[in-house]
Amino acid sequence: MRRQQGAAAAAAGIGASRLSGLARTALVTNVLGIGTIGDAFAAAMRIPNFLQNLLGEGALSGAFVPAYSSLTERDERAAGRLAGAIATFLVAVTAAAALTSIFAARPLVRLIAWGFVGERFELTVTLVRITVCGTAVAVLSAWCLGVLNSHRRFFLSYVAPVVWNATQIAVLVGVLAWGVAGADRATALAWGVTAGAVAQVVVQLRGVWRADPQIALNFRWREPNAAGVIKRFGPAVAGRGVLQISAFLDLALASLLSVGAAAAMAAAQTLYLLPLSLIGTSIAAAELTELSRTQDPATIAERTSGRLCGTVFAVSGVVAIYFAAGGPITDSVFNLAGLRTAIADDDITLIALVLGAYSIGLVPLVASRLCQNVLFAARDTRTAATIAAIRLAVSLVVGAMLMLPLDRVLVVEGALTGFGDIDLFSLESTWSLLDSAIRSDPALPARLGAVGLALGAALGAWVELGLLRRAVLQRRPVRASMPRQADWPDQRLFGGALGRHLVPAAVAFVVGLPVTLVLAPLPSVLRAALAGLIMAGLHLGCGLALRLPAARALTSQLSHIALRRTQPSHGAAHSDALAPEDQPPADDNEGGLAQ
């Protein structure tokens, strides 16, 4: 029951933070636009995000959480010393990296945004120097998350980013209210990013010390426990570093495309990563803590297979909705439900197409998080890092090959023109960059080069899942609790049920696409809402018809929520209805979202 509550609490916290993040990104895109200023801000955020993601949550999850979770069960005082040592280690490393970024901002921007010149380049440099100031503090938020998650206090750690998002939203509202224009909007927002990072850490510190009063900041980095975490931290950082380098190279390649490509990719990624955070990360966060404590190989195999099927069922439904109703969804979000129509229709079409391309890789991306958990729980961060490097190579090669011809395709009044001009055998007309004057002119139509980069990322995600699957099933265990191949159901990672869990999404898409087209005369908000509800209902109904455990678990969860709301005054009867002994026993292999 506690494990189910952990995933639910993580999902609730992540849901609040991601929805507030969606509101923030929608407002940022709407206020800064898809153009020079939007590109500069999207590029400037890469460096602080790089440091935070490189040294923060992902690396800590692989290196710190398993060791700290295990130690809290045996020696609370030693666990407190370990947490304190890792905190000072993170601050020292990130402070040095932040200072370096401030003084070397100009060469760093040239390194990550090859195609930026003139106003775009200078504005990006200014924004980098401001936003990187809060990076060292922001990494402490990931340390707080690791401590709180290890004590199964998932909600606070994942809801804290709401403060960061709210700070930026307040700045943007103030910018509009006071009539701030041009690049000054981006500068004000950059200061909001730094202030929000400080506030995000402050709201978590009290919860951290209540969870573990034994924490004492220290510099005992050579003690065995701390040294072991720091040693594993290297491969974990390498794995995260590969992904962050991939993001940098994506930006560098996008900077060589037409103006607005970087901003369009940043906008699409917000919607693309929403289900990953709401569904994948919430379950993965709770599972890593539990797998680190589990010693039975069969239990690890059964739990992981079940969770994989459950997350695939849920995420594939979101992918179907993105495919069928991506246009009205992006229009509703980034034009603020029609309240402030600042993004042109062709730019909305570009964002929707980039979102669709990214979504092809959403299912393997979520599944890979759970596969990595099995390796991390076995104290193996090196394998995931190697596989991430392979994913990076595939994504970049395929993305670079596709972006050049697709940047010749224009979006004009909602239609795509230029495919007929692509000559795959012409190096000069297809496999070379457009003239700099054409790429830098914001008055010209949007182009599809960003879609090529998104398709490369999607293919790389599928390659990563395939390699992680082989690593989990076939590698020799590092410790006793690492499952051997024979422990997995039917010798398969998904227990042989992957296809069945994708069928409902296919049905929802086949029905949802014509429904979205029929609803075209309606405003985008209504089209997105109606099409989304119809497809979600079909997805769940088909899952129930196929008797998928994930669909049954989700239906049961929704029924309990409805029961609580319809019977608020019948306290005793309500408690009896929901008493644990009256509920069906939880099956760890069902993989529902409630688990």
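1. Focus: the overall build of the chain
Turning to step 1, where the next piece is worked out: Scanning the chain for helices and strands turns up 23 helices and three strands.
Turning to step 2, where the next piece is worked out: Here the chain holds 595 residues, and the buried ones make up 55% of them.
Turning to step 3, where the next piece is worked out: Here the chain displays about 24000 Å² of accessible surface, and carbon together with sulfur accounts for 62% of that area.

2. Quick word on the sheet that holds strand β2 (residues 415-417)
Turning to step 1, where the next piece is worked out: Here we have three strands laid out as an open sheet, ordered β2-β1-β3, and antiparallel in their pairing. Whereas interior strands pair on both sides, the edge strands pair on one side only; in this sheet they are β2 and β3 (446-447).
Turning to step 2, where the next piece is worked out: By the bridge criterion, two bridges tie strand β1 (residues 410-412) to β3 in an arrangement that is antiparallel. Bridge assignment links Val411 to a residue of β3, and that residue is Ala446.

3. Some thoughts on helix α15 (residues 345-359)
Turning to step 1, where the next piece is worked out: Across its 15 residues, α15 extends 21 Å between first and last C-alpha, which sits within 8% of the 21 Å expected from 1.5 Å per residue.
Turning to step 2, where the next piece is worked out: Within α15, twelve of the 15 residues are buried, which leaves it mostly tucked inside the rest of the structure.
Turning to step 3, where the next piece is worked out: Along α15, the residues that are buried comprise Asp346, Asp347, Ile348, Leu350, Ile351, Ala352, Val354, Leu355, Gly356, Ala357, Tyr358 and Ser359.

4. Some remarks on the pattern of salt bridges
Turning to step 1, where the next piece is worked out: Under the definition given, this model contains five salt bridges.
Turning to step 2, where the next piece is worked out: Its salt-bridge partner being Arg81, residue Glu223 comes within 3.7 Å of it at the nearest N-O pair. Here Glu223 is found in the loop between α11 (183-211) and α12 (224-254), whereas its partner Arg81 is found in helix α5 (residues 76-103), with 142 residues between them in sequence.
Turning to step 3, where the next piece is worked out: By relative accessible area, Glu223 is classed as partly exposed at 28%.
Turning to step 4, where the next piece is worked out: Of the charged contacts, one joins Glu223 and Arg220 as a salt bridge, the two residues approaching to 3.7 Å between their closest N and O atoms.
Turning to step 5, where the next piece is worked out: A network of salt bridges, in which partner residues are shared, links Arg81, Arg220 and Glu223.

5. Digging into the side chain of Arg185
Turning to step 1, where the next piece is worked out: Along the polypeptide, Arg185 turns up in helix α11.
Turning to step 2, where the next piece is worked out: Despite its burial, Arg185 remains without a salt bridge, the nearest opposite charge being carried by Asp184 at 8.9 Å.
Turning to step 3, where the next piece is worked out: Arg185 has contacts with Val31, Leu32, Val175, Leu176, Val180 and Arg340, leaving out every residue within four places of it along the chain.

6. A few points about the packing of aromatic side chains
Turning to step 1, where the next piece is worked out: Taken as a whole and assessed by the stated rule, the structure comprises six aromatic pairs.
Turning to step 2, where the next piece is worked out: Ring geometry for Phe64 versus Tyr68: centroids 5.1 Å apart, planes at 20 degrees, classification stacked. Placement of both Phe64 and Tyr68 in helix α4 (residues 57-74) is noted, with a separation of four residues, approximately one turn of the helix. The same class applies to Phe64 and to Tyr68, which are both buried.
Turning to step 3, where the next piece is worked out: By way of ring pairs, the aromatic residues Phe89, Phe219 and Trp221 are connected into one cluster.
Turning to step 4, where the next piece is worked out: Between Arg110 and the ring centre of Phe121, over which it is positioned, the NZ or CZ distance is 4.2 Å.

7. Considerations on unusual backbone geometry
Turning to step 1, where the next piece is worked out: With a phi angle near 55 degrees, Leu336 is a residue other than glycine that sits in the positive phi range.
Turning to step 2, where the next piece is worked out: Mapped onto the elements, Leu336 comes out in the loop between α14 (297-334) and α15.
Turning to step 3, where the next piece is worked out: Positioned with a positive phi, Arg547 is a non-glycine residue whose angle comes to about 60 degrees.
Turning to step 4, where the next piece is worked out: Looking at the element boundaries, Arg547 is found in the loop between α21 (524-545) and α22 (549-566).

8. Let's talk about the packing of helix α16 (residues 362-377) against helix α17 (residues 382-406)
Turning to step 1, where the next piece is worked out: At their nearest, the axes of α16 and α17 sit 10 Å apart, and the two run at 150 degrees to each other. Regarding the angle of α16 to α17, the classification is roughly antiparallel. Between α16, through Leu365, Gln372, Leu375 and Phe376, and α17, the contact on the second element is made entirely by Thr383, Ala384 and Arg391.
Turning to step 2, where the next piece is worked out: Grouping the amino acids of the contact of α16 with α17 by side-chain chemistry returns four nonpolar, two polar and one charged.

9. Description of the environment of Phe376
Turning to step 1, where the next piece is worked out: With respect to the element layout, Phe376 can be found in helix α16.
Turning to step 2, where the next piece is worked out: The exposure class of Phe376 is buried, given its relative accessible area of 11%.
Turning to step 3, where the next piece is worked out: Considering only alpha carbons, one finds Phe376 and Val65, 311 residues apart in sequence, at a separation of 9.3 Å.

10. Some thoughts on the side chain of Ser141
Turning to step 1, where the next piece is worked out: Looking at the secondary structure, you find Ser141 in helix α8 (residues 135-150).
Turning to step 2, where the next piece is worked out: You can call Ser141 buried: its relative accessible area is 6%.

11. What to know about α5
Turning to step 1, where the next piece is worked out: Between the first and last C-alpha of α5 there are 41 Å, a value that for 28 residues agrees with the 40 Å anticipated at 1.5 Å per step.
Turning to step 2, where the next piece is worked out: With a side-chain oxygen positioned 3.3 Å from the backbone nitrogen of Arg77, the residue opening α5 is Asp75.

12. Concerning a nonpolar patch on the surface
Turning to step 1, where the next piece is worked out: A surface patch of nonpolar side chains, about 640 Å² in accessible area, is lined by Val503, Val507, Val510, Val511, Leu522, Leu526, Leu530, Ile534 and Leu546.
Turning to step 2, where the next piece is worked out: Every element with two or more residues in the nonpolar patch is listed here: α20 (498-518) and α21.
Turning to step 3, where the next piece is worked out: Tallying contributions element by element places α20 first for the nonpolar patch, with four residues.
Turning to step 4, where the next piece is worked out: In this fold, Val507 is placed in helix α20.
Turning to step 5, where the next piece is worked out: The class of Val507 is partly exposed, set by a relative accessible area of 32%.

13. Quick word on the packing of helix α6 (residues 105-112) against helix α7 (residues 118-131)
Turning to step 1, where the next piece is worked out: Across the interface, α6 lies against α7 with an axial gap of 9 Å and an inter-helix angle of 120 degrees. Considering the angle they form, α6 stands oblique to α7. Between α6 and α7 lies a crossing whose hand is right-handed. Judged by residue contacts, Ala105, Arg106, Val109 and Arg110 of α6 engage Phe121, Glu122, Thr124, Val125, Val128 and Arg129 from α7.
Turning to step 2, where the next piece is worked out: Partitioned by chemical class, the residues of the contact of α6 with α7 number five nonpolar, one polar and four charged.

About the cut-offs
- Residues numbered from 1 in each chain as written.
- Predicted model: local features only at pLDDT ≥ 70, side-chain atom pairs only at ≥ 80, totals over all residues.
- Heavy atoms only, no water.
- Helix = DSSP H or I, 4+ residues; strand = E, 2+ residues; numbered from the N terminus.
- Buried < 20%, exposed > 50% of the residue type's maximum accessible area, 1.4 Å probe, protein only.
- Areas by Shrake-Rupley, 256 points an atom, 1.4 Å probe, with all protein chains shown as cover.
- Pairing = 2+ DSSP bridges.
- Expected span 1.5 Å × (residues − 1).
- Salt bridge = Lys/Arg side-chain N within 4 Å of Asp/Glu carboxyl O.
- Lys, Arg positive; Asp, Glu negative; His and termini not counted.
- Contact = heavy atoms within 4.5 Å.
- Phe/Tyr/Trp six-rings, centres within 6.5 Å; stacked < 30°, edge-to-face > 60°.
- Lys NZ or Arg CZ within 6 Å of the ring centre and 35° of its normal.
- Axes fitted to C-alpha atoms, helices over the stretch in contact; angles between N-to-C directions.
- Parallel < 35°, antiparallel > 145°, perpendicular 65-115°, else oblique.
- Nonpolar A, V, L, I, M, F, W, Y, C, P; charged D, E, K, R; others polar.
- Polar contact = N/O pair within 3.5 Å; in protein donor to acceptor, adjacent residues only side chain to side chain.
- Patch = residues over 30% accessible without salt bridge, like charges linked within 9 Å, V, L, I, M, F, W, Y side chains within 5 Å.
- Left-handed = near helix turned anticlockwise from the far one by under 90°.

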